[in-house]
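Here are the chains, one letter per residue:
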Amino acid sequence: MKHEYAFPEAFPWVRFLHEAAIREYLVEFVETARAAVGLDNVSLLAPVIAAWKSTALIHSDKDLHRELTTPAGEDFGPV
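Rules used in this analysis
Residues numbered from 1 in each chain as written. Predicted model: local features only at pLDDT ≥ 70, side-chain atom pairs only at ≥ 80, totals over all residues. Heavy atoms only, no water. Salt bridge = Lys/Arg side-chain N within 4 Å of Asp/Glu carboxyl O. Helix = DSSP H or I, 4+ residues; strand = E, 2+ residues; numbered from the N terminus. Buried < 20%, exposed > 50% of the residue type's maximum accessible area, 1.4 Å probe, protein only.

**Examining the pattern of salt bridges**
Evaluated as defined, the whole model comprises two salt bridges. Here Glu-19 and Arg-23 are joined by a salt bridge, their closest N and O atoms 3.6 Å apart. One end of the pair, Glu-19, and the other, Arg-23, are both in helix α2 (residues 19-38), four residues apart, so they sit about a helical turn from each other. In this structure Glu-19 comes out as partly exposed when scored by relative accessible area, which is 29%. A salt bridge links Arg-66 to Asp-63, with the nearest nitrogen and oxygen atoms 2.4 Å apart. One end of the pair is Arg-66 and the other is Asp-63, both in helix α4 (residues 62-69) and three residues apart, which spans about a single turn.

Limitation: the analysis is restricted to geometry and does not speak to function.
Here's what the structure looks like:
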């Protein structure tokens, strides 16, 4: 997987995401970073990074990915 940006060096776990997801993460990261800088609070980036890192973790584990993407087959009632 060849990337023309530095994200894989800063966030090595992006290698477990597919290309479209990496682009989506990059866009969300940059948009959130701009907004966070505007509010003088870069800690607002932490939830974005944590969410995408969790997504990469799910994609890195075939059993976990299958478990989380397979319908449960049960109706657990209204949400």
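Here the narrative resumes, following the displayed structure.
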